[in-house]
Structures are given as structure tokens and as C-alpha cells.
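So the chains spell out like this:
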Amino acid sequence: MTEFAIDACQLGKAFPGGTVAVSGLDMQVAAGTVYGLIGRNGAGKTTAIRMLLGLLRPSAGTARILGANMWQAGRQHRARVAYVSQEQHVHAWMTPRELCYYLSHFYERWDQPYAMRLARRFDLAWDRQTGLMSGGEQRKVSILLALAARPEVLILDEPAAGLDPIARRELIDELVDILSRDGGCTVLLSTHIISDLERIAEQVGIMDRGRIMTDARLDELQKTFQRVQVVFDGRLPPDGFSVPGAIRSSTEGPVVTAVACLLSETQLDEVRSIPGARVNVFPLGLEDMFIELLKPRGEAEAVEART
Amino acid sequence: MLHLQIDPHSGVPVYRQLMDQITYYAASGALKSGDQLPSIRECARALSVNPTTIVKAYNELQHNGVIEMVQGKGAFVAQPPAAMSRREQGKALRPLARRLAVEAVQMGAPAEVVLGVVQEEMEKVGEGAAADNARVR
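What comes next concerns the included structure. From a predicted model like this one, the values you see are computed outputs, not experimental measurements.

Time to look at the overall build of chain B. Counting secondary structure elements, chain B contains 5 helices and 2 strands. Mapped in sequence order, the helices and strands of chain B form the string α-α-α-β-β-α-α. The buried share among the 137 residues of chain B stands at 22%.

If you want it as C-alpha cells, here you go:
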């Protein structure tokens, strides 16, 4: 079995002054797969990514991309990885044409015809200084440069922030094309646009307060987390009743609604067998799942979190 | 291309939605034995989803005998399976039947209602062929 393309083990970062941004982070991404990283603002996603890329020194743990520690890796190794960061770092005085010419020297697999196709697809002025472009256009330039490098590992930190829905879909479609090609690409996508992950992520990591709280295949998450509604016929729920596997639960009259972690189909059978109890199970979109797992608990909530 | 209605945000895995629709089209005759399915790449592009979800759907459909993938040529709707014995059919349908039975008992529906509904649906699937044919072709 070959190594993981991205491999972080117990990664941690404590900043001077005491802030612990990342702690005990494990992340293993198999080559050619798409890993979606989601988490609230401040969860530590960007810090974790920067450590993976060798842009920030970890306080603990190890991080490797394609088998090497990026902090120490040479230029040739680093050229196999491309990164779209949250902040634009594109030289404002350069045009896309000039940026492509400049970067092509760093990346052995640089694909200039592809760069030009992307510029047309993203509707970018080839000879316009990027500093004169809108925020969204600058973002598209960053994406274009990362994709044209034909990397083996592509790390995208909020690439779609500030992009209109059409541009967002174009990015997804470009990623789908890349994933369809022979040789594929390993993609780490950190995003708040959870609907994008539902299209392309195979693995999803939910990060909370510096660590990965849940890491699973997307289709496993979709099968496991469901909305469960139990309606008691004309009476209130019995004292102490709770839906097995519930993470969140609320009761209104005879109806108990819960978001539950269902590990097997028969888990709810005991509830179904309660006389007068009607059980309905509904699928849960990833965004709703994320919100239910991570939103702050109100005083009214009676159920403990299951991690 | 087949009309495939996929909602990536519903919480139902995309590969599952794809499987269910293709299975339905094959059962209702909208897709006939030997019909070619879109390539994995075409499907992924058309639906804007990761090609691995299409791969997973096609693999499971092949495993279930609904389609056949021919090296170098593509994916095709399979020849109908050799007639299963009634016993084999019963065995294959039992898990679905159990779920139906649980629902029915919950709401206190008698067996006649359940059997009636199942019969109507089976008829509709057969009738659906004509309507789907018009849409798909």
C-alpha cells in the first residue's frame, strides 16, 4: 500500500502568548482523492494548511506531502504541490501573461495552453495588471496559476470566497475535469461552501477548535447522520425518552425531533416498537449536519454531544 | 443523454441517487438491454460531480446485474438475468419487504392495503416504460 499523499500526525501549533490554534490533528489523504475540510471561522483550518505546506513551523507532530516534509523539501518537490491561499499574493503589477511566464520556470509540468484556456474560461484579461482587477478576478487568477502548474497535490483554502455562482461552478467543473484525467490529482479543499463539497469531496474532515472532530467518507456521513422524527400518538413522549444516537434533540408536544448518528438500520427498532410511536427518518444535507454538530448549545437542549 | 435528476445537497449520496434512477430506467424499459450508458467522464461533467461517485454507482450496478462494463467500450444495460427462482426472488426482496412491513405495522395498515399499493406500483413501473421512452429518446 503506497503512502498517503497528505499525511499529518498529531500536528499542533501553539503561538507565543498562549493561543493553541491546532492540537493533535491527524489527517491522511490518499493519492488521487478529494478531502474537504470544514470548520467554523477560527477552527484552525488555515493554520493546519500552512503547516502542511511548510509555511509555518509546527509546535508538535509531523506533516508530509507526497512523503516529504515541505518545510525542508527542495524546489523540485515543492513544484509538485500548488496552493491557492485565502489572501491573494499575486504581484499586482503583473498581468496574467507575465505571471504565467514567471511561474512556468518554477513548475516543471507547467501547461501554458491550459493556462490560456483557463483565462478564456474564467473570462480574464490576459494583459491586464492583476492589481486593477476585481477581487473575484484576482481570485480566479490565483486559481488559474495553481491549476496550470499541473500539480500532483492541490491545496485550496477558500478558493470560491467572493466568486459568483457561475464562477464557483466553473471551478467545480475544472476540478471534475482534472479528476477525470489519467493520473488525477489529490485535492485538499477547505471551504465554507459546503454544497461544493457535496459535489466533489470523497472524504470530509470537520475541524473544531484545533482538532479534527469527525473524519469520514462523505457517503458514510450521509448514511450515518439523519434527522429522526418521532410522533407520539396523541400524548406526550414518555419521561426520559430519547432517540438512540441523538446528538441534538428538541421536543414540541408529542413530537420529538432529533439529529442522530445512526450506526445501523435496526437502531431505531426499539422506538418503532413503542405503541403509538411513529418514526420518520429524513436524510440530512451536509450543511445542516455541520450546523447541528457545531452550533452552540442552548440551555433548553437536554442531550449531550456525541463525538 | 439520459435525464438524470441528481440533488447533491439532499443528504442522499449521489452514487445512490444515480443507481436508483438507472435501475428504475432499466426496470421500466426506458433503458433497454444493450443500450449504452454515458461514459464516466461524460456523466461526471454533465452532473458536475466527482467521477468517483459515477464509478461507484456503475460498479454497484454491475454487481447487481443491472449493467455490464465492457473493457474499452463502455457501460451497457445488461441482458435480463436468467430467471431467478421464486425462492431467490423472495430472498432478494426480503430486506425491502421488512422495511415496508415495519412502516405498515407502525401506522396500523392492514396487509391488504400494503399489497394493493405494491401491486399498483408494479403496474405503474411497467406502464412507465412508454412515458419514459418518449422522454428519453
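What follows picks up the thread again.
Here the focus is the pairing of strand β3 (residues 34-39) of chain A. In terms of burial, β3 of chain A is largely enclosed, as 6 of its 6 residues are buried. Residues V34, G36 and I38 of chain A of β3 of chain A are buried on one face, and the alternating residues Y35, L37 and G39 of chain A, pointing to the opposite face, are buried as well.

Moving on, we get to helix α2 (residues 40-47) of chain B. Within α2 of chain B, the full set of buried residues consists of C43, A44 and L47 of chain B. Considered in projection along α2 of chain B, the buried side chains sweep an arc of 100° and stay on one side of the axis. Contact partners of the buried residues in α2 of chain B: α6 (165-180) of chain A together with α3 (51-63) of chain B. Looking one or two places after α2 of chain B, you find S48 of chain B, whose phi comes out positive at around 55°.

A few words now on the environment of V125 of chain B. Residue and element names in this part refer to chain B. Along the chain, V125 turns up in helix α5 (residues 111-136). V125 sits in the partly exposed class, given 14 other C-beta atoms within 10 Å. Between the alpha carbons of V125 and G29 there is a distance of 8.9 Å; along the sequence they are 96 residues apart.

Now for the interface of chain B and chain A. Taken together, the contact between chain B and chain A spans 18 residues of the former and 20 residues of the latter. At the level of secondary structure, the elements contributing two or more residues to the side of chain B that touches chain A comprise α2, α3 and α4 (86-107) of chain B. In the side of chain B that touches chain A, the residues fall into 9 nonpolar, 7 polar and 2 charged.

Calculation criteria
- Residues numbered from 1 in each chain as written.
- Chains lettered and ligands numbered in written order.
- Predicted model: local features only at pLDDT ≥ 70, side-chain atom pairs only at ≥ 80, totals over all residues.
- Helix = DSSP H or I, 4+ residues; strand = E, 2+ residues; numbered from the N terminus.
- Buried ≥ 20, exposed ≤ 12 C-beta atoms within 10 Å, placed from the backbone.
- Arc of directions from axis to C-beta.
- Contact = placed C-beta atoms within 7 Å.
- Nonpolar A, V, L, I, M, F, W, Y, C, P; charged D, E, K, R; others polar.

Any functional reading would require information beyond the geometric quantities listed.
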